[in-house]
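# Observations on the model geometry
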Amino acid sequence: MIMQNNEKFYNYLIFFSIFVVCLFFTISHTLEQNSLDASLIFGGFVESPKGKSQMSHLNSQFSLLIYLGTYLLKFGLSINLISKILIFFSTISYFTGIYLIIISIIKYINVYNKRLISFSFTFIAIFIIELNFGDVDYPAMIFTEHTFGIYSLALPTLIFGLLSNGNIFLAFFFAFILLLTHGVLGIWTLSILILNSLIYIFYHKKTYFVKNAFLGCILGLALFLLVLTFHINSSGQFKVFVFSEYDSNDLINWDILWETHRTIREIDFLYLSKSIILMLIIIFFIKFNKKYIDENTSFALSGIILSIFLGSILYIFYKLFLEFLPPFIKAPMPTRVFNMHTYLSWPIIFSISIFILKIISKKIKINFKKTFFYTSIPIFIFIISFNQKNLTNYLFAHYDKNIGIKSILENNPFRTRIAIFIWESPFRKIFFNKEKIKEINMKRYPNSNFWQKIREYKTNSYWLTIHPYQYKLLRYGRKPILIDTHSFDFAYYELSSLNFIKEVIENIFNLPFDKITIPSFEKNSGRVPNNIIKIEFENKNYDNWLKISNKFNLNFIIVPSNWKIDLPIQLSNGNLSLYKIQ
C-alpha cells in the first residue's frame with residue numbers, strides 16, 4: 001500500500017514538474033502563432049474585400065487550431081496570450097510523449113531514478129538542443145511561429161508516448177484531434193494505428209487493446225464530425241485542395257522556380273539511412289527482449305516501425321517519380337509524414353542503450369550505477385553530435401569574443417529565458433515600475449501606436465506591406481493584406497490562385513514569373529526580397545500605382561519611411577509610412 005502511494009506521489013510530482021517546466025518555457029518565448037491569421041479572418045475580425053488575395057486561401061482552411069483561436073479572440077484574449085496557450089499545449093505534448101516513451105522502455109529493468117533519467121533527457125532534448133533525427137522537405141520545429149508545423153509532430157509524439165504507457169483510449173482519441181488539427185499527419189497516424197491494430201489482431205492474435213481503441217475512435221470520430229459540421233455551416237463550404245482553373249505552364253514554372261517544399265528532388269540519404277537503422281534496432285530490441293517489454297510498449301514501437309517502413313517507401317517513390325506526379329499527389333506534401341518519428345528517435349535509442357547497459361552489467365556482474373555514469377557521457381556526446389549546431393547555437397548565441405567566456409556566463413540563453421519569463425509574466429510589476437515598463441515597451445514595440453491608428457481606418461480594399469510588417473498589419477492593424485511578400489507558397493492549396501500570384505509578381509513587383517529573380521539563387525522559393533521590392537516600388541509613378549489599384553483593389557501601401565514612393569503620405573511615425581493610392 002505504501003509502495004503504491006509512493007508510486008502515485010512520484011508520478012504526480014513528475015507530471016507537475018512537466019507542467020511547470022513547460023509553462024516556464026512557454027511564457028519565456030514570444031512567438032506569435034501564424035494560425036491566428038486564419039482565426040482573425042474566419043472570425044470576421046478582418047474584412048474580406050472583393051477580389052482575389054492570399055486571404056482567400058486562409059479563409060478556406062479547416063483546422064481545430066483556427067476555430068480555437070477564433071473563439072479565444074472573441075473572448076477578448078490577446079494575440080500574445082493565445083499564442084502562448086497554443087505553444088504550451090504543443091510543448092507539453094512533446095515533453096509528455098518523449099518522457100513516456102523513455103520510461104516505458106526502461107521501466108521493467110532495475111534502474112534507480114528512472115523517472116529522473118527520463119525527465120532529464122527529455123528536458124535537455126527539448127529545451128537545450130531541440131534534439132531530433134533530422135527532417136525531409138519540411139522542417140522539424142518545437143519553438144516557432146508555424147503552428148501547424150509544430151502540431152503536426154507534437155501530437156504524433158504524444159500519441160506514441162501514450163500508446164507505450166497503455167493509454168490506448170487517449171492515443172486513438174488524440175489521433176482524431178490530430179486529424180482535426182493537421183489533416184495529412186492525422187490521416188497518416190490514424191492509418192498507422194489502424195494497420196498496426198489489424199496486424200496485432202490477426203497476426204499476433206492479441207485483442208487486449210480493442211475496446212479502448214474502439215471507444216477512443218468513436219469519441220474522436222464524433223468530435224471530428226461535430227467540428228466538420230460546424231465548419232461547413234460557418235463557412236458554407238468544405239475544400240481542402242482545389243485543382244481547377246489553372247494553366248499547366250504556370251504550374252510548371254511555379255514548380256521549377258517558386259515552390260518551396262514539394263519539388264525537392266534530392267533524397268536525404270543521411271536521414272533515410274538513420275531511420276532504417278533505427279527501425280532495425282527497434283525490431284531486434286523487441287525480438288530479443290520480450291520478457292522485459294510489456295505489450296503496450298511493444299505495440300507503440302511496432303507502430304513506429306510501421307511508420308518508418310511505409311514512410312521510407314513513400315518518400316523514395318515520391319522522389320523517384322516526382323516529375324510524373326499529378327498535383328493532387330503533390331499538394332498535401334506527403335513526404336512530410338516521414339518526419340513523424342524524428343523527435344522520438346533519439347529518446348528510443350537512449351532508452352535502449354540504458355536497457356542494454358543494464359542487461360550487460362547484470363550478466364558480467366559489474367556496478368550498474370558506475371557503468372551508467374561513465375558510459376552515459378559518451379552516449380550523450382554521440383547523440384548530440386548529430387545536433388551539434390543546435391547545441392552550439394544554444395551555448396554561444398550571445399558569445400562576444402571581446403569579452404570572452406564571461407559573455408556566456410552573463411548572457412547565456414537560460415538567463416535570457418528567465419529575463420523574458422519575468423517580463424512576459426505578472427512578475428514584471430514587482431521588478432519594474434510603470435514608467436520603466438512603458439519605456440521598455442516603447443523600445444520593444446516602437447510601431448504599436450502606428451498600428452493602432454491603422455486600425456481606425458475604414459476601407460473596403462486590400463493593403464500591401466513588406467516583411468516583417470505584414471503580420472503586424474493583419475494582427476494589430478486588422479487590415480486585409482493582398483499578399484505576404486515573404487511567403488506566398490500557397491499555390492497548391494488552391495491552384496486557381498496561380499494566375500493571381502503570377503499577376504501580382506509581374507504587375508506589382510515587375511518581375512518575370514518564369515525566371516530567377518534573386519541573383520545567385522536556384523529558386524525564388526515563394527517570396528520577393530525587400531531590396532527588390534524597394535527598387536520596383538520607387539521606380540513606379542502615380543499612374544502605375546493607379547493601374548495596380550484598379551486591377552487588384554489595392555488602395556494602401558505601408559513601407560519604411562526612408563523609401564521614396566510617388567504617392568501621397570497619409571500617416572508616418574518616422575519608421576513606417578502609409579501611402580494612399582486613391
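Let us look at the structure shown here. Quantities reported herein were computed from a predicted structural model and do not represent experimental measurements.

## Some remarks on the pairing of strand β3 (residues 569-572)
Bridge count for β3 against strand β4 (residues 576-580) is three bridges, and the pairing is antiparallel. Across the sheet, the residue bridging to Ile569 is Tyr579, located in β4. Counted along the chain from β3 to the antiparallel partner β4, the turn is three residues long, and its residue Gly574 has a positive phi close to 95°.

## As for helix α19 (residues 413-424)
Compared with the 16 Å implied by 1.5 Å per residue over twelve residues, the 16 Å span of α19 between its first and last C-alpha is a close match. Within α19 the residues assigned to the buried category are Pro413, Arg417, Phe421, Trp423 and Glu424. Angular distribution of buried residues about the axis of α19 spans 165°; they occupy a single face of the element.

## A few points about a nonpolar patch on the surface
Together, Ile194, Leu195, Leu198, Ile199, Phe202 and Tyr203 make up a nonpolar patch on the protein surface, roughly 610 Å² of accessible area in all. Mapped onto the elements of the fold, Ile194 is located in helix α9 (residues 183-202).

## Quick notes on helix α6 (residues 114-128)
End to end, α6 covers 20 Å across 15 residues, agreeing with the expected 21 Å (1.5 Å per residue, within 8%). Those residues of α6 lying buried are Lys114, Arg115, Ile117, Ser118, Phe119, Phe121, Thr122, Ala125, Ile126 and Phe127. Looking one or two residues past α6, Glu130 carries a phi angle of roughly 45°, positive in sign.

## Re unusual backbone geometry
Glycine aside, negative phi is the norm for most residues, and most peptide bonds take the trans geometry. Backbone torsion omega between His467 and Pro468 reads 10°, so that peptide bond is classified as cis. As for its placement among the helices and strands, Pro468 is situated in the loop between β1 (462-465) and α23 (469-475). The residue Asn553 is not glycine, and still its phi comes out positive at about 55°. In this structure, Asn553 sits in the loop between α26 (542-552) and β2 (554-560). Owing to a relative accessible area of 24%, Asn553 belongs among the partly exposed residues under this scheme.

## Brief notes about the packing of helix α5 (residues 79-106) against helix α7 (residues 147-164)
Their axes nearest at 7 Å, the elements α5 and α7 cross at an angle of 30°. Where α5 crosses over α7, the handedness of that crossing is left-handed. Between α5 and α7, the residues in contact are Leu86, Phe89, Ser90, Ser93, Tyr94, Thr96, Gly97, Ile98, Leu100, Ile101 and Ser104 and Thr147, Ile150, Tyr151, Leu153, Ala154, Leu155, Thr157, Leu158, Phe160, Gly161, Leu162 and Ser164, respectively.

## Observations concerning the environment of Ser448
Of note, Ser448 is situated in helix α22 (residues 448-455). For the pair Ser448 and Gly477, spaced 29 residues apart in the sequence, the C-alpha separation amounts to 9.3 Å. Here the side chain of Ser448 touches Tyr445 through a polar contact of 3.2 Å, landing on its backbone oxygen.

Parameters and conventions
- Residues numbered from 1 in each chain as written.
- Predicted model: local features only at pLDDT ≥ 70, side-chain atom pairs only at ≥ 80, totals over all residues.
- Heavy atoms only, no water.
- Pairing = 2+ DSSP bridges.
- Helix = DSSP H or I, 4+ residues; strand = E, 2+ residues; numbered from the N terminus.
- Expected span 1.5 Å × (residues − 1).
- Buried < 20%, exposed > 50% of the residue type's maximum accessible area, 1.4 Å probe, protein only.
- Arc of directions from axis to C-beta.
- Patch = residues over 30% accessible without salt bridge, like charges linked within 9 Å, V, L, I, M, F, W, Y side chains within 5 Å.
- Areas by Shrake-Rupley, 256 points an atom, 1.4 Å probe, with all protein chains shown as cover.
- Salt bridge = Lys/Arg side-chain N within 4 Å of Asp/Glu carboxyl O.
- Axes fitted to C-alpha atoms, helices over the stretch in contact; angles between N-to-C directions.
- Left-handed = near helix turned anticlockwise from the far one by under 90°.
- Contact = heavy atoms within 4.5 Å.
- Polar contact = N/O pair within 3.5 Å; in protein donor to acceptor, adjacent residues only side chain to side chain.

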